[in-house]
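Each chain is listed here by its residues.
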Amino acid sequence: MNGILHELKTYSVADIARMGWSFVMTKLFYPGAMLVRRPICIRQKKDFHFGRGLSTGRNCRIEVFGSGYIEMGERCQIGDNVHLVSSSRLSIGDDCLFASKVFVSDTSHGSYGASGSAPCTRPADRPLDAEPVTIGDRVWLGENVVVLPGVTIGDGCIVGSGAVVCKSLPANCVAVGIPARVVKQFDEESSSWVRV
């Protein structure tokens, strides 16, 4: 209890009032969640499923289109201004932590392979192209990380701030950069992080 009181002292009265309102609304509209801060925008809410203990920051956007589906595991925490998009399947494991301004999408406006969308077509008029995204358990995405369609991020990964993940990442690694590349891997035998 002392920890909670100490933490509350770091907030202004207005912040405490906003959190209180968000807490009441969470219990009414998001049973099982810990705290869904307001404002939040959820499009096609029936296709957004989360495990118990979800906590969100302010101004999050969770958008599901058509036959899309977003599933989050238990005890996930997402920061302010996180944007999740699905028109296919976006699966997020247990105990994940997303910093602020993270963008994860399984969807692109158009396909850009050999027989893809023509550049003379307005992007908004191009058909949505989607590939499922899977994020494992205990994944930490730093501030401003972007995760693109078709990516799998293995359990225990850490993705550094500002990285753009356009290819799958193995479990228990640290990845940074644009495009994201693995720079460290956890070695089970020595219980330490090893540079790659």
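In this text, all values refer to a predicted model and were calculated from it rather than measured experimentally.

Chemist: Pulling in residues and values, what's your account of the sheet that holds strand S9 (residues 90-92)?
Modeler: Taken in spatial order, the five strands of this open sheet run S3-S6-S9-S14-S17, and their pairing is parallel. Each end of this open sheet is capped by a strand with a single partner; those strands are strand S3 (48-50) and strand S17 (152-153). When strand S14 (residues 133-135) meets S17, the two strands line up parallel, connected through two bridges. Directly across from Thr 134, in S17, lies its bridge partner Thr 152.

Chemist: Explain the domain arrangement of the protein chain to me, and be specific about the residues and the numbers.
Modeler: Accessible area lost upon the coming together of the parts serves often as the stated size of an interface. Split by domain assignment, the protein chain resolves into domain 1 (1-31) and domain 2 (33-195). Each of domain 1 and domain 2 was reduced to a C-alpha centroid, and the two centroids are 27 Å apart. Taken residue by residue, the interface counts twelve residues in domain 1 and eleven residues in domain 2. Between domain 1 and domain 2, a total of about 1000 Å² is buried, with carbon and sulfur atoms accounting for 52% of that surface. Among the residues of domain 1 in contact with domain 2, Ser 22, Thr 26 and Tyr 30 are the three that bury the most area, contributing 52% of the side total. Here domain 1 is connected to domain 2 by one salt bridge. The residue Asp 15 makes a salt bridge to Arg 58 at a minimum N-O spacing of 3.5 Å. Linking domain 1 to domain 2 there are six residue pairs in polar contact (both at pLDDT 80 or more). Along the lines of polarity and charge, the residues of the side of domain 1 that touches domain 2 split into seven nonpolar, two polar and three charged.

Quick notes on the rules
Residues numbered from 1 in each chain as written. Predicted model: local features only at pLDDT ≥ 70, side-chain atom pairs only at ≥ 80, totals over all residues. Heavy atoms only, no water. Pairing = 2+ DSSP bridges. Helix = DSSP H or I, 4+ residues; strand = E, 2+ residues; numbered from the N terminus. Domains from an automatic or database assignment. Contact = heavy atoms within 4.5 Å. Buried area = accessible area lost by both parts, 1.4 Å probe. Salt bridge = Lys/Arg side-chain N within 4 Å of Asp/Glu carboxyl O. Polar contact = N/O pair within 3.5 Å; in protein donor to acceptor, adjacent residues only side chain to side chain. Nonpolar A, V, L, I, M, F, W, Y, C, P; charged D, E, K, R; others polar.

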